[in-house]
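# Observations on the model geometry
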Amino acid sequence: MPFQGRDRGPRPQMVRPPDPTRSPKGVDRGRGCPRLRDALCPDSIADVPDRELLAAVELFADLRPDEIDAIAEAAAIRILNRGDVLFVEGDDPHELFVVVSGRVAIANRSIDGRESVLALMERGDLFGEMPLFDNLARSAEARALEPSEVIALPYEPLRQLYELRPALLWKVVALLAGRIRNTDEALADSVFLDVTGRTAKRLLELSGDADEFSLPVTQEELAGMVGASRERVNKAIASFIRLGWIEQSDRRYRITNREQLERRAR
Ligand code: CMP
């Protein structure tokens with residue numbers, strides 16, 4: 001889901017995940033630290049990567065079961081608290097991630113701390129793959145918006161797979177083309193829609209087609225997705241309430257006139 005925006009906020013707590021000699025704030029329950037895993041993993045949370053979830057990820061759709069097993073073997077599960085930062089822009093990368101539960105925001109920051117939220121990653125979504133293909137540093141920050149669990153997949157086994165079977169790279173092309181499409185749409189929104197229109201569009205996207213929903217992000221984060229200040233986004237929401245298009249109580253929203261909201265989002 002594409003989001004582009006700017007927001008103000010303090011730089012969040014940093015978690016540096018890939019260094020196996022250091023324990024990140026998000027708990028690493030990978031194969032490399034069984035003691036930590038035994039001590040900190042409640043029974044209710046799986047302590048091995050979910051192969052079915054991995055097999056359902058579009059990037060891995062063409063992998064054979066033994067290939068899924070090979071990447072799952074090398075994987076680790078990481079538990080994140082709200083606000084934990086998996087990595088920041090410019091970090092030296094070694095792994096990509098698949099979300100098992102929770103939500104992770106992909107964001108860029110301006111030098112004065114404002115935030116532009118590029119995407120929200122949810123269960124089954126994959127991120128952190130770009131440096132695997134361009135050998136550059138992290139292009140953006142990844143931060144947990146709520147308690148989350150992610151699977152961390154080291155680049156090396158994937159690199160070996162792509163060298164052995166280059167035809168698998170078609171899925172990579174499709175993933176990156178999808179990212180470009182989302183970015184194009186977000187760019188067009190920033191040119192063609194005003195703040196009110198972008199707020200309507202984001203609310204519709206976050207509603208997931210349900211008329212009643214709980215906003216999964218804070219007002220600050222919503223503003224970061226819309227690409228406007230919190231005040232301007234609040235004003236837009238207040239205008240929708242006045243017009244009778246939505247009702248709101250804290251994070252609970254009810255869309256009462258979807259047609260008008262959709263029209264405003266065009
Ligand atoms: P990486 O560069 O490792 O770190 C940031 C990640 O955010 C990047 O890999 C992609 O997985 C993801 N990402 C970057 N730009 C976008 C975008 N426009 N839409 C969705 N995801 C993105």
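Our subject in this report is the structure included herewith. Please read these numbers as outputs of a predicted model, since none were measured by experiment.

It is worth spelling out the overall build of the chain at this point. Within the chain one finds ten helices and twelve strands. For the chain, buried positions account for 45% of its 266 residues. Just so you have it, the chain exposes about 13600 Å², and 51% of that area is on carbon and sulfur atoms.

By nearness alone, 15 residues border the ligand, and Gly128, Glu129, Pro131, Arg138 and Ser139 come closest of all. In this structure, Gly128 approaches the ligand through a main-chain N or O atom, which is 2.7 Å from an oxygen atom. Here an oxygen atom of the ligand sits 2.5 Å away from a polar atom, N or O, in the side chain of Glu129. Secondary-structure elements contributing two or more residues to the shell around the ligand are strand 6 (115-121), helix 4 (130-134) and helix 6 (169-192). No other element matches strand 6, which puts three residues into the shell around the ligand. Residues of the shell around the ligand, tallied by class, amount to nine nonpolar, three polar and three charged.

Next up on the list: the side chain of Arg198. Summarising the element assignment, Arg198 is placed in helix 7 (residues 195-207). Although Arg198 is buried, it makes no salt bridge; Asp194 carries the closest opposite charge, 6.6 Å away. Here Val226 takes part through its backbone oxygen, which lies 2.7 Å from a polar atom of the side chain of Arg198. Dropping the residues within four chain positions of it, Arg198 is found in contact with Asp189, Ser190, Leu193, Val226, Gly227 and Ala228.

Time to look at the environment of Thr196. Its location among the elements puts Thr196 in helix 7. Residue class for Thr196 comes out partly exposed when judged on its relative accessible area of 22%. Linking Thr196 and Ala265, residues 69 residues apart in sequence, is a C-alpha distance of 8.0 Å. Residues in contact with Thr196, not counting those within four places in the same chain, are Ala236, Ser239, Phe240 and Arg264.

The next subject is the nonpolar core. If you look at the biggest cluster of nonpolar residues, it comprises 27 residues, and the most contacted ones within it are Leu203, Leu215, Val217, Leu222, Val233, Ile246 and Leu261. Counting only elements with at least two residues in this core, the list comes to strand 5 (104-109), strand 6, helix 7, helix 8 (219-226), helix 9 (230-243) and strand 12 (252-255). Sorting elements by how many residues they give to this core places helix 7 first, with five residues. Setting aside anything within four residues of it in sequence, one finds Leu261 in contact with Ala200, Leu204, Phe240, Trp245, Ile246 and Ile255.

The buried fraction of strand 6 amounts to six of the seven residues, a majority that puts the element mostly inside the structure. The pairing of strand 5 with strand 6 spans six bridges and is classified as antiparallel. Residue pairing across strands places Val104 opposite Met121, the latter belonging to strand 6. Between strand 5 and strand 6, which follow one another and run antiparallel, lie five residues, and Gly113 among them has a positive phi close to 95°.

About the thresholds
- Residues numbered from 1 in each chain as written.
- Predicted model: local features only at pLDDT ≥ 70, side-chain atom pairs only at ≥ 80, totals over all residues.
- Heavy atoms only, no water.
- Helix = DSSP H or I, 4+ residues; strand = E, 2+ residues; numbered from the N terminus.
- Buried < 20%, exposed > 50% of the residue type's maximum accessible area, 1.4 Å probe, protein only.
- Areas by Shrake-Rupley, 256 points an atom, 1.4 Å probe, with all protein chains shown as cover.
- Near = heavy atom within 4 Å.
- Polar contact = N/O pair within 3.5 Å; in protein donor to acceptor, adjacent residues only side chain to side chain.
- Nonpolar A, V, L, I, M, F, W, Y, C, P; charged D, E, K, R; others polar.
- Lys, Arg positive; Asp, Glu negative; His and termini not counted.
- Salt bridge = Lys/Arg side-chain N within 4 Å of Asp/Glu carboxyl O.
- Contact = heavy atoms within 4.5 Å.
- Core = buried A, V, L, I, M, F, W, Y, C linked by side-chain atoms within 4.5 Å.
- Pairing = 2+ DSSP bridges.

Function-wise, these values are silent; they only describe arrangement.
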